[in-house]
Amino acid sequence: QVQLVESGGGLVQAGGSLRLSCAASGSTFSINYMGWYRQAPGKQRELVARISSNGSTNYADSVKGRFTISTDNAKNTVYLQMNSLKPEDTAVYYCNARKVALTLDYWGQGTQVTVSS
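The shown structure was predicted, so the numbers you read here are calculated from the model rather than taken from an experiment.

Draft legend 1. Up close: the overall build of the protein. Of the regular secondary structure elements, the protein holds zero helices and 11 strands. Listed N to C, the secondary structure of the protein is β-β-β-β-β-β-β-β-β-β-β in terms of helices and strands. Taken along its principal axes, the extent of the C-alpha atoms in the protein is 40 × 25 × 25 Å. Every one of the 117 residues in the protein was classed for burial, and the buried ones make up 39%. In the protein, 54% of the contacts between residues at least 6 apart in sequence involve partners at least 24 apart. Of the accessible surface of the protein, which amounts to about 6200 Å², a share of 48% is contributed by carbon and sulfur atoms. Charge-centre separation for the protein: the mean point of 11 positive side chains lies 2 Å from the mean point of 7 negative side chains.

Take a look at the structure:
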């Protein structure tokens, strides 16, 4: 099992910044990807950004150039730096860890990000 604990959400004005953190514990070996998803009211959960175990990243088109995903492997922590936030970024953000070989996904409890206009 992998436990994921998120922090860093909150309320911010448009144009502001927030940094989300997700600390992983438990059976963290063999995690291939860690990432951030978000779900706005009435919408499906969508991928925001993810990073592979070899450091490659990919982002949703809507956040490219504004968000940056990074990891601190020593702390088993993944970060999402969010700049130039927009009201449409408002959502619950979920941390995800994926073990491809085992087809396992682990999720955090979610953290609310609200961007006011």
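Draft legend 2. Structural detail: the pattern of salt bridges. All chains considered together, the criterion is met by five salt bridges. As a salt-bridge pair, glutamate 46 and arginine 38 come within 2.7 Å of each other at their nearest N and O atoms. Judged by its relative accessible area of 35%, glutamate 46 is partly exposed. Using a relative accessible area of 6% as the deciding quantity, one classes arginine 38 as buried. Across the pair aspartate 105 and arginine 98 runs a salt bridge, and its minimum N-O distance is 2.8 Å. Taking relative accessible area as the criterion, aspartate 105 reaches 35% and is therefore assigned partly exposed. Taking relative accessible area as the criterion, arginine 98 reaches 25% and is therefore assigned partly exposed. Overlapping salt bridges, with partners in common, bring together Arg38, Glu46, Arg66 and Asp89 in one network.

Draft legend 3. A look at the sheet that holds strand S7 (residues 67-72). Across the sheet, four strands lie side by side as S1-S3-S8-S7; this open sheet has antiparallel pairing. Unpaired on one side and paired on the other, strand S1 (2-7) and S7 mark the two borders of the sheet. Each neighbouring strand pair of the sheet contributes to a mean axis angle of 20°, computed without reference to strand direction. As judged from the six bridges shared by S7 and strand S8 (residues 77-82), these two strands associate in the antiparallel manner. Bridging across to S8, threonine 68 finds its partner in glutamine 81.

Draft legend 4. View of the state of the cysteines. Following the criterion strictly, the structure yields one disulfide and no others. Between cysteine 22 and cysteine 95 runs a disulfide, and the two sulfur atoms are separated by 2.1 Å. The sign of the -85° torsion about the S-S bond sets the cysteine 22-cysteine 95 disulfide as left-handed. You can see cysteine 22 sitting in strand S3 (residues 18-26) and its partner cysteine 95 sitting in strand S9 (residues 91-99), a full 73 residues away along the chain. Cysteine 95 matches cysteine 22 in its accessibility class, with the two residues each being buried.

Draft legend 5. Focus on the packing of aromatic side chains. Under the definition given, this model contains one aromatic pair. A centroid spacing of 5.0 Å and a plane angle of 70° characterise the contact between tyrosine 37 and tryptophan 107, whose relative ring orientation is edge-to-face. With a gap of 70 residues between them, tyrosine 37 in strand S4 (residues 33-39) and tryptophan 107 in strand S10 (residues 104-107) connect regions that are remote in the sequence. Taking the ring centre of phenylalanine 29 as reference, the NZ or CZ of lysine 99 above it sits at 4.5 Å.

Calculation notes
- Residues numbered from 1 in each chain as written.
- Predicted model: local features only at pLDDT ≥ 70, side-chain atom pairs only at ≥ 80, totals over all residues.
- Heavy atoms only, no water.
- Helix = DSSP H or I, 4+ residues; strand = E, 2+ residues; numbered from the N terminus.
- Buried < 20%, exposed > 50% of the residue type's maximum accessible area, 1.4 Å probe, protein only.
- Contact = heavy atoms within 4.5 Å.
- Areas by Shrake-Rupley, 256 points an atom, 1.4 Å probe, with all protein chains shown as cover.
- Lys, Arg positive; Asp, Glu negative; His and termini not counted.
- Charge placed at Lys NZ, Arg CZ, Asp CG, Glu CD.
- Salt bridge = Lys/Arg side-chain N within 4 Å of Asp/Glu carboxyl O.
- Pairing = 2+ DSSP bridges.
- Axes fitted to C-alpha atoms, helices over the stretch in contact; angles between N-to-C directions.
- Disulfide = S-S within 2.5 Å.
- Phe/Tyr/Trp six-rings, centres within 6.5 Å; stacked < 30°, edge-to-face > 60°.
- Lys NZ or Arg CZ within 6 Å of the ring centre and 35° of its normal.

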